[in-house]
Amino acid sequence: MADRVYVFDTTLRDGEQSPGATMNLDEKIRMARQLETLGVDIIEAGFPIASQGDFEAVQAIARAVSNVQVAGLCRAVTGDIDRCWEAIKEAENPRIHTFLATSDIHMKYKLGKTADEVLVMAEKAVRHAASYTDNVEFSAEDASRSDWDFLVKVTETVIDAGARVVNIPDTVGYTQPFEYFELIKYLMDNVRNVDKAIISVHCHNDLGSAVANSLAAIRAGARQVECTVLGIGERAGNAALEDLVMALNTRKELYDVETGIVTEQIFPSCRRLSQIIGMPIPPNKAIVGANAFAHESGVHQDGVFKNRLTYEIMTPASIGRTSNDIVIGKHSGSHAVRRKAEELGYVLDNEQVQVLFKAVKELADKKEQVFDEDVEALILEKVYRRRDRFRLVDMSVFSGTGIVPPHSAMVMEFGREGDEVAIRRTSEFGEGSVDAVFKSIYSLVGMSPKLEFYSVNAVTEGSDALAGVAVRIEHDGVKSVGRANDGDVIRASALAMINALNRLEKAKEEK
Ligand code: KIV
Ligand code: ZN
């Protein structure tokens with residue numbers, strides 16, 4: 001029987017460290033549920049000591065999922081480990097993931113500790129973690145730049161102390177496949193008690209080698225792989241889950257391992273993440289990009305027409321990229337809308353279905369075809385954001401290029417739906433329409449944040465496609481990201497800014 005490789009997903013921890021990929025509590029829970037459906041073995045839910053918000057998110061995820069292990073990250077110090085345990089202890093199968101740097105450069109400059117001191121710290125931390133649970137993982141941070149014999153020593157020590165998984169990260173994305181293969185093999189051959197633990201790998205993509213390095217490590221005997229959906233993560237990101245799993249499946253004869261991933265959930269998971277963080281999937285992204293299965297050249301098209309295997313090494317259906325049978329349009333009933341939401345992975349209550357149904361009807365009146373991406377965008381926009389404190393009621397924009405400068409008139413509602421609400425109006429001039437709209441919003445909410453980032457993308461196809469806007473703002477030292485989709489670019493911009501301000505308020509409260 002093929003060996004099992006455990007998939008440890010860190011989208012909600014390392015992935016969330018990706019610039020612009022911050023998620024709020026509800027979004028993290030929605031993503032965690034999707035990861036559970038996808039069949040990952042472990043969800044790394046966050047870094048509980050980092051902030052109260054992180055702690056609460058990890059705790060909420062631990063309570064929300066059941067068929068998957070939930071890990072919390074902590075430094076190798078008692079206070080961190082205690083806080084981590086507090087956050088994850090209600091999970092069905094909680095894991096403490098503690099880490100400590102082992103490379104000379106990190107030990108000397110970052111920790112100011114000798115190798116012997118690091119060894120003692122690692123042992124003490126793992127023993128302490130193991131007093132809570134036998135599901136303990138230790139990561140030797142910057143392992144790929146560490147002395148190999150020291151790594152052997154650290155690995156033996158933490159296994160003796162109770163670690164069941166030892167992770168050998170390529171923290172700075174520096175290693176190369178053949179070198180990493182040799183390192184993992186060296187550990188498999190030289191660590192005295194290696195049979196008592198699983199060797200794990202965690203690769204960053206600074207040199208574009210994260211997936212190749214992880215695959216090489218699996219060939220050398222690693223049996224846990226740490227990765228993120230769409231490869232999001234610190235700096236250039238982590239190994240992409242979808243690339244890894246499909247390489248293992250498509251080249252099974254090479255690797256002879258299996259994972260618990262339901263590959264048909266790969267595309268829905270990538271789409272879900274992309275919608276939540278407002279980052280479009282690049283068209284040329286392996287496995288899930290829009291062009292991944294598109295054959296442009298005549299020769300290729302002809303070959304595929306005669307036999308798909310000529311140019312296709314896997315099918316779109318195998319990653320859940322199907323043309324689905326439920327088509328939503330203006331004649332669809334609320335039952336079809338509910339089923340479509342379920343097909344996309346959202347279980348809505350009756351009230352939410354009615355909100356979505358109304359929004360879908362409105363969109364179908366304006367737009368020729370309503371795609372799954374449209375429905376998903378409406379779910380996020382209309383269903384999940386209703387309880388926001390600031391809401392747009394109406395706006396109009398004049399985009400002049402002559403004597404009358406661009407200006408906008410805006411009406412907003414303040415106070416959560418169901419509570420007492422106040423209506424405020426204003427009108428402002430701007431350098432352009434978006435600027436005028438943002439100035440109106442700032443004047444209504446009484447804040448002038450710094451706009452650090454603004455981007456627009458088409459969510460679907462055609463000139464009537466939904467526009468997806470993402471903004472990042474900073475105010476009083478607190479940063480926030482906002483996203484929105486709408487048929488109108490300017491309205492999407494306004495909604496994204498309002499979303500960012502709502503999230504800013506929450507972030508300030510949490511702080
Ligand atoms: O990249 C890294 O080394 C990490 C560890 C905390 C596992 O993210
Ligand atoms: Zn990392």
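Calculation rules
Residues numbered from 1 in each chain as written. Chains lettered and ligands numbered in written order. Predicted model: local features only at pLDDT ≥ 70, side-chain atom pairs only at ≥ 80, totals over all residues. Heavy atoms only, no water. Pairing = 2+ DSSP bridges. Helix = DSSP H or I, 4+ residues; strand = E, 2+ residues; numbered from the N terminus. Axes fitted to C-alpha atoms, helices over the stretch in contact; angles between N-to-C directions. Contact = heavy atoms within 4.5 Å. Donors = N, O, S within 2.8 Å, 3.2 Å for Na, K, Ca; no water. Buried < 20%, exposed > 50% of the residue type's maximum accessible area, 1.4 Å probe, protein only. UniProt positions renumbered as here; feature names shortened; annotations may be inferred. Polar contact = N/O pair within 3.5 Å; in protein donor to acceptor, adjacent residues only side chain to side chain. Near = heavy atom within 4 Å. Areas by Shrake-Rupley, 256 points an atom, 1.4 Å probe, with all protein chains shown as cover. Nonpolar A, V, L, I, M, F, W, Y, C, P; charged D, E, K, R; others polar.

**Notes on the sheet that holds strand 11 (residues 390-398)**
- The sheet built from three strands is open, its strands ordered 11-12-13 with antiparallel pairing. Taken across any chain shown, the strands that pair with only one partner, and hence form the sheet edges, are strand 11 and strand 13 (422-429). The sheet shows a mean angle of 15° between the axes of neighbouring strands, direction not considered.
- Where strand 12 (residues 407-414) and strand 13 come together, eight bridges link them in antiparallel fashion. Within strand 13, the residue paired with Ser408 across the bridge is Glu428.
- Across the sheet, helix 16 (residues 433-445) touches strand 11, strand 12 and strand 13, and the angle it forms with strand 12 is around 35°.

**Digging into the coordination of the zinc ion (ligand 2)**
- Protein coordination of the zinc ion (ligand 2) is provided by Asp14 (OD), His202 (NE2) and His204 (NE2), with donor distances spanning 2.0 to 2.1 Å.
- Read from N- to C-terminus, the donor residues coordinating the zinc ion (ligand 2) fall into the pattern D-x187-H-x1-H.
- Take His202: its relative accessible area is 5%, and that puts it in the buried class.
- Among the residues examined, His204 registers a relative accessible area of 4% and is labelled buried.

**Focus on the UniProt feature "binding site: Mn(2+)" (unreviewed entry) in the protein chain**
- The UniProt record annotates "binding site: Mn(2+)" (unreviewed entry) at Asp14, His202, His204 and Asn238. For the residues just named, distributed over 225 residues, the greatest C-alpha separation is only 10.3 Å, placing them together at one site.
- Ignoring sequence-local partners within four residues, the contact set of His204 consists of Asp14, Asp170, Thr171, Gly173, Ala210, Glu234, Arg235, Gly237 and Asn238.
- For His204, the side chain forms a polar contact with the side chain of His202, separated by 3.2 Å.
- For Asn238, the position within the fold is in the loop between strand 9 (224-227) and helix 9 (241-250).
- The class of Asn238 is buried, set by a relative accessible area of 2%.
- Here Asn238 is in contact with Thr10, Asp14, His202, Cys203, His204, Ala210, Thr228, Gly231, Ile232 and Gly233, once residues within four sequence places are set aside.
- A polar contact is formed between the side chain of Asn238 and the side chain of Asp14, at a distance of 3.3 Å.

**Quick word on the UniProt feature "domain: Pyruvate carboxyltransferase" (unreviewed entry) in the protein chain**
- As annotated by UniProt and renumbered to match this structure, "domain: Pyruvate carboxyltransferase" (unreviewed entry) occupies residues 5-267.
- Counted over residues 5-267, helix gives 44% and strand 18%. Its end C-alpha atoms are 21 Å apart.

**As for the sheet that holds strand 4 (residues 69-75)**
- In space, the eight strands of this closed barrel follow the order 2-3-4-5-6-7-8-9, with parallel pairing throughout. Going from strand to strand, the sheet's axes swing by 25° on average, the running direction of each strand aside.
- By the bridge criterion, four bridges tie strand 3 (residues 42-46) to strand 4 in an arrangement that is parallel. Bridge pairing in strand 4 links Ile43 to Val70.

**A closer look at the site of ligand 1**
- The environment of ligand 1 is formed by Arg13, Asp14, His97, Phe99, Ser139, Glu141, Asn167, Pro169, Thr171, His202 and His204.
- Between ligand 1 and the protein, one listed contact pairs an oxygen atom with a side-chain N or O atom of Asp14 at 3.1 Å.
- Relative to its unbound accessible area of 260 Å², ligand 1 is 94% covered by the protein chains.
- Within the residue set of the shell around ligand 1, elements represented by two or more residues are strand 5 (94-101), strand 6 (136-141) and strand 7 (165-170).
- A class-by-class count of the residues in the shell around ligand 1 yields two nonpolar, six polar and three charged.

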